[in-house]
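Here is how the chains run, residue by residue.
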Amino acid sequence: MPTPLVVSEVAKSFTMHLRDGVRLAVVEDVSFALKSGECAVLGGPSGAGKSSILKMLYGNYATDAGQIIVDHGGRLLDLATASPREVLAVRRDTIGYVSQFLRTVPRVAAVDVVAEPLVARGAEKAAARERAAALLSRLNLPERLWGLPPATFSGGEQQRVNIARGFITAHPILLLDEPTASLDARNREVVIAMIAEKKAQGVALLGIFHDADVREAVADRIVDVTAFAPRARAA
Amino acid sequence: MSEDLPLLRVFSLSKSYGSRIGCADVTFDLWPGEVLAVVGESGSGKTTLLNCLSTRLMPTSGAASYRMRDGAFRELYRMSEAERRFLMRTDWGFVHQNPADGLRMAVSAGANVGERLMAIGDRHYGRIRATAIDWLGRVEIGEDRIDDEPRAFSGGMRQRLQIARNLVTGPRLVFMDEPTGGLDVSVQARLLDLLRGLVADLGLAAIVVTHDLAVARLLSQRMMVMKDGRVIETGLTDRVLDDPREPYTQLLVSSILQV
Ligand SMILES: Nc1ncnc2c1ncn2[C@@H]1O[C@H](COP(=O)(O)OP(=O)(O)OP(=O)(O)O)[C@@H](O)[C@H]1O
Ligand SMILES: [Mg+2]
C-alpha cells in the first residue's frame, strides 16, 4: 500500500509572550507514517498534543522542526516548510480535515457549507448540493435545517454538518479530530460506516477518538502520542 | 491562463513622511484570486501601504509590478499618470472605509454604477441601466432605489453601492480599506457575507486592510501583520490567528473575544 504521509522528527512548542515568554513544549520527535486504506488513531491523555499534531499536518499550526512529507498529486511536498499557497493547494486536493468544532460563516446555508469543498475543486454547484444533501440525509440531519446557517444548530447538528463537509470530497488523506464526540449512538454508527467506506476506497485516515467503542471499530492501529512527550516534561 | 504567475509583485516598498515611517520594507506577491488581509492597529502603516500599492501615493523607495491583462508585468511607479488612471478605472477597484469618499453623493445610485461603465467607453444607455440594475441586485439594493441619491441610503447600503460601483467593470484586483468599519455589527455581517460571495464568484484578488481579525478570518486566505510600518508576521490566515508567533500578534489575537 502507498504511504501518502510521512512525519519525521516533528516538534511543536508554544512561546507565550504575554506570559513572560514561557515556553510550552508540546511534542518532540513525532515520527510515524500513514498508509492508504488504513485508519490510524492518535492515542494519549488530554493535553498530550493529539490535536496539535493534526493541526500541524493541516498547516494550521506551524512546525518548529522536522518534516511532514505529503504525496500531493504525485509530487512530494514538505508541509513543515510549504508556502501558504502550497498549503492551500494541499487542503483543496490532498488533505481533508474534520475539526472538532464547526467554524460557522454567517448566512451560509448548511447544505452550501457542506458543498463548498466540492465547488472549490470545480464541481458544478447543483451537483455538489445534491451530494451534500445525500450526506446530510445519511447523517440524519433534519431536512428543514439544510437551508439554514448552522450557527444556531445544536452541537451534534453542527458536528454532522462538519463531518459531511469533510467526507464529501475524495481527498486521499483525511484527518478527524473527535468527529463523533457529540453524536448519539445512531449517528456514531453512521460515521463508523462512512470511515469504513473511506478505508475501502484507499483513503489514509488519521483520527482522534475519545470514545472507546468508536476507536475499537475503526482503528487499525494506535499511534501513542505520549511517546512524543518532550524529554524535559517526561523526565 | 498563467495562473502560476503573481498578479502583483511588491519589493521592499517604503514610504516615509519626513522622518516618520509610513511603511517600511514591505515585500510580498499576490496571486490571482487571492485575498490578502493586512492587519495591525491604527497607525501601523496599513493605509499608507494600501495607498502606495494602489498608486494613490508614491512610495519613497521600492518597487511594485502588476501583470496586465496581456500578461506583461508593468512597473507601477514608472507608468504615466494616464496609464495609472486607466488601471484604476478598469482593472482595479478601491473600496473606501467611508462610502462618501468612493461615491458621488449627489448623483443617483444608478449613475454611480453606470459612471464606471461609461468611463471604460460604454455609451449604450439601455445597457448601462440594465447592468446597473443587475449590480444593484447583486449587492441587495432594490431596483426601485436606482434613481435615489446615496445621501438617502443607510451606511450599509452606501457601502454596498460603493462595492457595486467598483465591481461593475470586472476588475481583477480590489483594494479595500476597512470595508466594514463604522457599520453596525449586524450590517457588517451581511456586508462581509456579500463580499465573501462576490470575491469567490468573480475570482477577485483583493488586499483588505482591517483592524478586525474576524473580517480577516472570513475574507482572506493570507494575512500580513503590521506594526510600526513593518510587516512583523505573515502566513496563512488561520495559521497566524490560531498559532500567532510574534508578541504583538499574540497581543492582537488575545485582545479579541472569539474569531
Ligand atoms: N494555540 C495554542 N496556543 C498555546 N497553547 C496551545 C495551543 N494549542 C494547544 N496548546 C497547548 O498544547 C498542549 C496540547 O494540546 P492539544 O490540544 O494538542 O491536546 P490534545 O491531546 O488534543 O488534548 P484533548 O484530548 O484534551 O483534546 C496543551 O497544553 C494546550 O494547552
Ligand atoms: Mg484535542
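Residues numbered from 1 in each chain as written. Chains lettered and ligands numbered in written order. Predicted model: local features only at pLDDT ≥ 70, side-chain atom pairs only at ≥ 80, totals over all residues. Heavy atoms only, no water.

### Description of the overall build of chain A
Helices and strands together make up the secondary structure of chain A, namely eight helices and nine strands. Here chain A has a C-alpha radius of gyration of 18 Å; the compact-globule value for 235 residues is 18 Å, and the two agree. Expressed along its principal axes, the backbone C-alpha trace of chain A runs to roughly 55 × 40 × 35 Å. In chain A, which comprises 235 residues, the proportion classed as buried is 50%. Excluding contacts between residues fewer than 6 apart, the proportion of contacts in chain A whose partners are at least 24 apart in sequence is 70%. Looking at chain A as shown, the accessible area adds up to about 10500 Å², and 51% of this sits on carbon and sulfur atoms. If you average the places of the 28 positive and of the 26 negative side-chain charges in chain A, the two averages end up 4 Å apart. (Helix = DSSP H or I, 4+ residues; strand = E, 2+ residues; numbered from the N terminus. Rg over C-alpha atoms; globule rule 2.2 N^0.38 Å. Buried < 20%, exposed > 50% of the residue type's maximum accessible area, 1.4 Å probe, protein only. Contact = heavy atoms within 4.5 Å. Areas by Shrake-Rupley, 256 points an atom, 1.4 Å probe, with all protein chains shown as cover. Lys, Arg positive; Asp, Glu negative; His and termini not counted. Charge placed at Lys NZ, Arg CZ, Asp CG, Glu CD.)

### Focus: the domain arrangement of chain B
Residues and elements named next belong to chain B. What the domain assignment lists for chain B is domain 1 (2-91 + 171-257) and domain 2 (103-170). Taken residue by residue, the interface counts 17 residues in domain 1 and 16 residues in domain 2. Scanning the region where domain 1 abuts domain 2 turns up zero salt bridges. Run the count over domain 1 and domain 2 and you get four residue pairs in polar contact (both at pLDDT 80 or more). Going through the elements one at a time, helix 2 (81-90) and helix 7 (185-202) are the ones with two or more residues in the side of domain 1 that touches domain 2. Broken down by element, the residue count for the side of domain 1 that touches domain 2 peaks at seven residues, all from helix 7. Residue composition of the side of domain 1 that touches domain 2, by class: 12 nonpolar, one polar and four charged. (Domains from an automatic or database assignment. Salt bridge = Lys/Arg side-chain N within 4 Å of Asp/Glu carboxyl O. Polar contact = N/O pair within 3.5 Å; in protein donor to acceptor, adjacent residues only side chain to side chain. Nonpolar A, V, L, I, M, F, W, Y, C, P; charged D, E, K, R; others polar.)

### Side note on the environment of L202(B)
Residue and element names in this part refer to chain B. Note on placement: L202 falls in helix 7. Look at L202 and you get partly exposed, because its relative accessible area is 36%. Considering only alpha carbons, one finds L202 and G170, 32 residues apart in sequence, at a separation of 8.1 Å. For L202, the residues in contact, after removing those within four places along its chain, are W135, R138 and L167.

### A closer look at the domain arrangement of chain A
Residues and elements named next belong to chain A. As assigned here, chain A comprises domain 1 (5-94 + 171-234) and domain 2 (110-169). The straight-line distance from the C-alpha centre of domain 1 to that of domain 2 is 23 Å. With 19 residues of domain 1 at the contact, the number on the domain 2 side is 14 residues. Contact between domain 1 and domain 2 buries roughly 1500 Å² in total, counting both sides, with carbon and sulfur atoms accounting for 57%. Interface area lost by domain 1 to domain 2 is led by H171, N187 and M194, which between them contribute 32%. Along the contact surface separating domain 1 from domain 2 lie two salt bridges. Joining domain 1 to domain 2, the criterion identifies 10 residue pairs in polar contact (both at pLDDT 80 or more). (Buried area = accessible area lost by both parts, 1.4 Å probe.)

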